[in-house]
Amino acid sequence: MRLIIQNNYSECSKWAANYVAYKIKAFRPTAKKPFVLGLATGSSPLGMYEELIQMYKTGKLSFANVVTFNMDEYIGLGPNDAQSYYNYMYQNFFNHIDIPKANIHLLNGLTKDYLKECENYEDTIRRYGKIHLQIGGVGSDGHIAFNEPGSSLSSRTRVKTLTTETIEANSRFFGGDMSKVPTTVLTMGIGTIMDAEEVLIIATGDKKARAIHHAVEGSINHMWPISILQMHQHGIIVCDEPATNELKADTVRYFKDIENQLRPKIK
């Protein structure tokens, strides 16, 4: 695991965006061999999306041969709902870059057949071979995508019921009204996420400190889903200083030292 510790959210966003751009360019994608990028919603990746949009607008990056898969969607919300993740992605990213609509894959929150929707999503990912880089965030309780504490660490895309803590956290997107937050979702499973070639998690703020502690120093435990990243061959957590507040000082020094050794080689 790599733990990238930056000073603040802005620096985390820039690091993540630069890494995404680097991976896409290094892959040299074509229409027949696209780069497959897993995406997330919420507040964590917003700064990264802004950076990537700017790269596209200045001619530094193209998404013409990038295929995307989003992690999740609220059940009952569709493209016309302001708080749907479909709308979030178009408003905050897709509308501002050159990605073909056919390359965008989002779970359908209005489906009448949840099982079939989830199976088709898994099948579509498999048809592309794999997700090359999966971007994600983490909840204060350690959930990734909408895999709440207690989720199977081998789970696939499926229906999940949200905890009160997650509903409360997400109510900020619904005017602070918890009653407006859907209680069920379609989400990639932990196993689906772990199948990606690389997984990059963005975590900022002291509210994420406990989750980062369990991710880095704790044991692998389904009550802290983020901890499964310890089993990934290419797992990366990009966090700010406040998110490291519950890590041991020696742990922070270790990861900073590793990155300082790498920095001259990856410029």
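Summary of the structure given here. Here the residue index of a chain counts from 1 through its sequence in written order. Thresholds applied to this predicted model are a pLDDT of at least 70 for local features of residues and 80 or more for the giving and counting of side-chain atom pairs; totals over whole chains, interfaces and linings are not thresholded and use all residues. Each side-chain value is derived from all of the structure's non-hydrogen atoms; neither hydrogens nor water enter the calculation.

### What to know about the sheet that holds strand β4 (residues 72-74)
- One open sheet accounts for three strands, arranged β4-β8-β7; its pairing is antiparallel. At either end of the open sheet lies a strand with only one pairing partner, and these are β4 and β7 (158-161). Adjacent strand axes in the sheet meet at a mean angle of 30 degrees, parallel and antiparallel pairs treated alike.
- Two elements, β4 and strand β8 (residues 184-187), share three bridges in a ladder whose sense is antiparallel. Counted as the bridge partner of tyrosine 74 is valine 185 from β8. Two strands are counted as paired when DSSP detects at least two bridges linking them. In DSSP terms, a helix is any run of H or I states spanning at least four residues, a strand is any run of E spanning at least two, and both are numbered starting from the N terminus. For helices, the fitted line uses only the C-alpha atoms of the stretch in contact; every axis is such a line through C-alpha atoms, and the angle between N-to-C directions lies from 0 to 180 degrees.

### Re the nonpolar core
- Among buried residues, the Ala, Val, Leu, Ile, Met, Phe, Trp, Tyr and Cys ones that are joined through side-chain atoms within 4.5 Å form a nonpolar core. For every residue, the accessible area (1.4 Å probe, protein chains only) is compared with the maximum for its type, and the residue is labelled buried under 20%, exposed over 50%, or partly exposed between those bounds. Ranked by internal contacts, the top residues of the largest apolar core, which has 44 residues, are Met48, Leu52, Phe63, Tyr74, Phe93, Phe94 and Leu200.
- Secondary structure elements with two or more residues in this core: α1 (9-27), β2 (35-39), α2 (46-57), α3 (85-92), β6 (133-137), β9 (198-203) and β10 (235-240).
- The element best represented in this core is α1, accounting for eight residues.
- The contact criterion used is simple: two residues touch if any of their non-hydrogen atoms lie within 4.5 Å. With near-sequence residues (within four places) excluded, leucine 52 lies in contact with Ala17, Val20, Ala21, Leu61, Phe63 and Phe93.
- Among the nonpolar cores identified, the runner-up in size contains 39 residues, and Phe69, Met71, Cys118 and Ile125 belong to it.

### Comments concerning the sheet that holds β6
- Ordered by their spatial adjacency, seven strands build an open sheet running β1-β10-β9-β6-β2-β3-β5, and the pairing between neighbours is parallel. Both outer strands of the open sheet, β1 (2-6) and β5 (104-105), are each paired with one neighbouring strand and no more.
- As defined by bridge partners, β2 adjoins strand β3 (residues 66-70) across five bridges and the pair is classed as parallel. Of the residues in β3, the one forming a bridge with leucine 39 is asparagine 70.
- The strands touched by α1 within the sheet are β1, β2, β3, β6, β9 and β10, with β10 carrying the most contacts at an inclination of about 150 degrees.

### Things to note about the environment of lysine 101
- With respect to the helices and strands, the residue lysine 101 is situated in the loop between α3 and β5.
- By relative accessible area, which is 58% here, lysine 101 ends up exposed.
- Apart from residues no more than four positions distant in its own chain, lysine 101 is found in contact with Tyr86 and Tyr90.

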